[in-house]
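Residue-level structural notes
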Amino acid sequence: MTTPIGKTPPSNDVGNPAPRSRGYFAEVWRQFRRRKLSLAALGFVLTLTAVALFSPAIVGTKPIVCKYQGRLYFPAMGYFYDKWENPVFMRDKFRRIYPKNLASKDPKSWAVWPLVYQDPYRRVRENEWEGRPANPSGDQGVPSQFNLFGTNQSGVDVFAQMVHGTRVALLVGVFSTGISALIGITIGSLAGYFRGWVDVVLSRLTEVVMSVPALVLILALISIFEKTSIWHVMAVLGATGWTGIARLTRGEFLRLREMEFVIGAQAMGAGWMRIIFSHVLPNALAPVLVPVSFGIASAILVESALSFLGFGSPPPNPSWGAVLNNGRSNLQMWWLVVFPGTAIFLTVLAYNLIGEGLQEATDPRLRNNEK
Amino acid sequence: MLNYLIRRVLIGSVTLLAITAIIYALIRQMPGSPITLQLSEADPSKSISEEDFQRMRAMYGLDKPVHIAYFDWLGSLLQGDLGRSISRKQPVTKLIGERLGPTLLLSVPSLLLTYLLAVPIGLFSVARSHRPEERCLSTLLYMLYSLPTYVAALLLLVLFAKKLQGTSFELPLFGMTGDEYANLTPWRKLLDIGQHMILPVTCYTYSALAFMARFIKSNMEEVIRQDYIRTARAKGVSNFGVIVVHAFRNTLIPFVTELGLTLPGLLSGSVILEQIFTWPGIGRLFFEAIGERDYPTIMGLTLMFSLMTLVFQLLADILYAFVDPRVTYH
């Protein structure tokens, strides 16, 4: 076949254009997926997240859904936030005991109950639930079929506290590290991008925060609040944990700002905000995820340590560290130490493994070492 | 070199000023004052007259605004005076001196143990890289690394309180000395303290050990790929010789830096571990001082912690230049 002069030859690869090269994050994910252990750790964290999200449906004394006087209610939502439990139950004097009251106050009512009838805040009494004995108190609460992980000195079920404590643990990990990441990335990218005196000031600030032992700073900050809530703890952990992230981000920015694409963007007249956030930051983000993952592990650790020392969120709030603290005063009750201790250990281990996997996936030097 | 030193010391003092100022401002913001807390502890019903309260406030300098009080503190510090503890009626330096011994009693043996064990373990896992025994060891170390010390401490306590009490493995759980301590012979006293040290030192050591062994291994893995290692192997040096003589000596540089970062911890101890084992050390003093709002003690300890961190960082950097001839400071 000949092609007349002046016409372009028919292209024969119309149907299959060159495969699009993988994006940076897709590549990181592909590398991450290779490490089975990190993948398993990710699975564990996702499972924990599910437990946290569905905690009122797993264990609680409030029905997930119930029909009462012709209307549908979701009292279990009260475990997330007090106000989400409909005041109608307060008005009708349920006193938080649902099973008997529902049947006696409205014979036509029905309810879907959590898998396990136990409460993280109070001791379950005798026959609240047909055939269930009262929770043992004192040091009698050995794990049994009614109290899977035993009960503490005041008779509150440990399994219920642990399932509901998952919410606190994960929330603290994610939120406080989110705050750290926000502060760290902002300070690191400004210092790395502008250099000069901005860098001097910000780096010095980072050094000041780094030179105070973490627990000293945290205890000093926490003691300021008259009444500590879990949000205070998160804010304090966030405000003290950003130094590693800031240093790493600064390093990445120092390296990246010399690249051609930054000069290109500058030549096209992009402002510094735009260059930092939409050009440089996306390229620096993956390595920064590594300290973030380790940061979540350490935030969970420090939060339990604080509850353990009695500095965390106030006692009625279920938290793994608080259960551990109960165990400290009576060492014969091994279940108060073994179960929360294992939970903290596994969660920290999982986040460390994820961090490690990310490190290997984002650092080409380590990747080549695999050979 | 001298220039560099002067610059570093100047920068360090500015950092120290900033730290103490921040902490001072923070602790003065805490609700409650040392005077009111002390009184309510002694007798909740007893209330102090307004006049007495003002007099005591003036005595401890609490009536002044924060920034002036801070400069007062700084002024007496420059004269070598850390002030007197409000809740314990003793000079802060004396208090710290009393608590330093017990803390060092835990941290020094644990540091020695850590290094004594970590170096062989690290070298072993490099020599046996990717073999089953190395995999087992590394996994174990990684698990230990992720095990929080307070969880480990509590698990040990439960084990010894529940299972081993009454057997020949019985160990004292809390405190530094037994009840009979005062009546013991010097040799027995030593033994008594030694027994009390076992559990806390174990907890101090295992976490540091896991970290150090991994640190040594990862440094070694980087060095072992260098050309000079291959040359040494090609010339017929034994595996042991290559790892100990050629490779390990070249990982000493990051080792030195790491040592500089660990040493401040020798003095600061661990708040949580000392609290669990009711060990009368520095960490516990800090925890108690925060609870008592004992400003002078908190400040003295903060100053000590941060000074240690900065000094050892500087020392590590200087040592760096000695270990690595490529590094010079101007």
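Reading the values: rules and limits
- Residues numbered from 1 in each chain as written.
- Chains lettered and ligands numbered in written order.
- Predicted model: local features only at pLDDT ≥ 70, side-chain atom pairs only at ≥ 80, totals over all residues.
- Heavy atoms only, no water.
- Domains from an automatic or database assignment.
- Phe/Tyr/Trp six-rings, centres within 6.5 Å; stacked < 30°, edge-to-face > 60°.
- Helix = DSSP H or I, 4+ residues; strand = E, 2+ residues; numbered from the N terminus.
- Buried < 20%, exposed > 50% of the residue type's maximum accessible area, 1.4 Å probe, protein only.
- Lys NZ or Arg CZ within 6 Å of the ring centre and 35° of its normal.
- Contact = heavy atoms within 4.5 Å.

What follows covers the domain arrangement of chain A. You can read the domains of chain A as domain 1 (62-113) and domain 2 (159-370). Computed from C-alpha coordinates alone, the two centres of domain 1 of chain A and domain 2 of chain A are separated by 39 Å.

Enumeration according to the criterion identifies 19 aromatic pairs over all chains in this entry. Ring geometry for phenylalanine 211 of chain B against phenylalanine 215 of chain B: centres 6.1 Å apart, planes inclined by 15 degrees, an arrangement best described as stacked. Taken as a pair, phenylalanine 211 of chain B and phenylalanine 215 of chain B lie in helix H8 (residues 186-223) at a separation of four residues, close to a single helical turn. Look at phenylalanine 211 of chain B and you get partly exposed, because its relative accessible area is 34%. An aromatic cluster of at least three residues, connected via ring pairs, comprises Phe149, Phe159, Trp334, Trp335 and Phe339 of chain A. Positioned above the aromatic ring of tyrosine 193 of chain A, the side-chain terminus of arginine 257 of chain A is 5.1 Å from the ring centre. It is arginine 214 of chain B that lies over the ring of tyrosine 145 of chain B; its NZ or CZ is 5.2 Å from the centre.

All names here are of chain B. Looking at the secondary structure, you find valine 66 in helix H4 (residues 66-78). A relative accessible area of 29% means that valine 66 is categorised as partly exposed. A C-alpha to C-alpha distance of 26 Å links valine 66 and glycine 283, two positions 217 residues apart in sequence. In contact with valine 66, not counting residues within four places along its chain, are Tyr24, Ala25 and Arg28.

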